[in-house]
Amino acid sequence: MLPNDFRLPDFLGEIGPKLPQRPWSGALCASLELARLTRQLDADFSFLDGRSVRIIVEDLGARATVRYERGHFRPASAQSEADVSFRASLASYLTLLRRTEDPDTLFFQRKLRIEGDTELGLQLKNLLDSIEQPAWLARLLA
């Protein structure tokens with residue numbers, strides 16, 4: 001488990017934005033599609049249809065942008081404006097995945113920021129909070 005004050009080396013944040021962002025988006029889409037197809041992520045995402053979501057890992061300089069269209073997650077351009085963006089450090093995202101902190105706590109501590117269509121962001125956050133974490137993911141993150 002990472003300590004709360006965990007920080008990646010600064011140079012990663014400097015070179016991260018200079019690297020291609022498409023692989024981050026592709027990996028996130030592949031993960032979401034696999035989870036959806038295997039019913040690990042069994043939820044109604046229709047409210048996202050035609051909308052794009054960006055995940056920004058600040059200390060890595062990484063940006064993953066996905067679009068939900070006709071029932072599938074697809075990579076989207078990192079250059080275009082996303083409907084909603086989530087911005088946090090790697091350590092903050094890991095605490096969310098481990099469910100050792102809830103998103104509201106991180107939001108009010110300003111460790112997680114939602115930018116753009118905040119109503120859409122809150123709807124997505126609430127949906128993801130309601131999904132039970134698969135046992136394999138809990139074991140992986142332990």
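Here's a quick rundown of the structure. Keep in mind that what you see is a predicted model, and the values were worked out from it rather than measured.

### So, the sheet that holds strand β5 (residues 112-116)
The strands making up a sheet associate through hydrogen bonds between their backbones, and the pairing can be parallel or antiparallel. Across the sheet, five strands lie side by side as β3-β2-β1-β4-β5; this open sheet has mixed pairing. Bordering the open sheet on either side are β3 (72-75) and β5, each of which pairs with just one other strand. For this sheet, the mean inter-axis angle between neighbouring strands, taken without regard to orientation, is 25°.

### Focus: the environment of Leu97
Within the secondary structure, Leu97 is located in helix α3 (residues 90-98). Looking at Leu97, the relative accessible area reads 41%, which means it is partly exposed.

### Regarding the pairing of β3
The sheet contact formed by strand β2 (residues 62-69) and β3 spans four bridges and is antiparallel. Within β3, the residue paired with Glu69 across the bridge is His72. Connecting the antiparallel pair β2 and β3 is a turn made up of two residues, with Arg70 showing a positive phi of about 50°.

### Looking at the pattern of salt bridges
Evaluated as defined, the whole model comprises eleven salt bridges. A salt bridge links Arg36 to Glu33; the nearest nitrogen and oxygen atoms lie 2.8 Å apart. In this pair, Arg36 and Glu33 both sit in helix α2 (residues 22-37), three residues apart, roughly one turn of the helix. Judged by relative accessible area, which is 12%, Glu33 ranks as buried. Note that Asp104 is salt-bridged to Lys125, the shortest N-O span being 3.2 Å. Here Lys125 lies in helix α5 (residues 118-130) and Asp104 lies in helix α4 (residues 103-108), a separation of 21 residues in the sequence. Overall, Lys125 belongs to the buried group, its relative accessible area being 10%.

Reading the values: rules and limits
Residues numbered from 1 in each chain as written. Predicted model: local features only at pLDDT ≥ 70, side-chain atom pairs only at ≥ 80, totals over all residues. Heavy atoms only, no water. Pairing = 2+ DSSP bridges. Helix = DSSP H or I, 4+ residues; strand = E, 2+ residues; numbered from the N terminus. Axes fitted to C-alpha atoms, helices over the stretch in contact; angles between N-to-C directions. Buried < 20%, exposed > 50% of the residue type's maximum accessible area, 1.4 Å probe, protein only. Salt bridge = Lys/Arg side-chain N within 4 Å of Asp/Glu carboxyl O.

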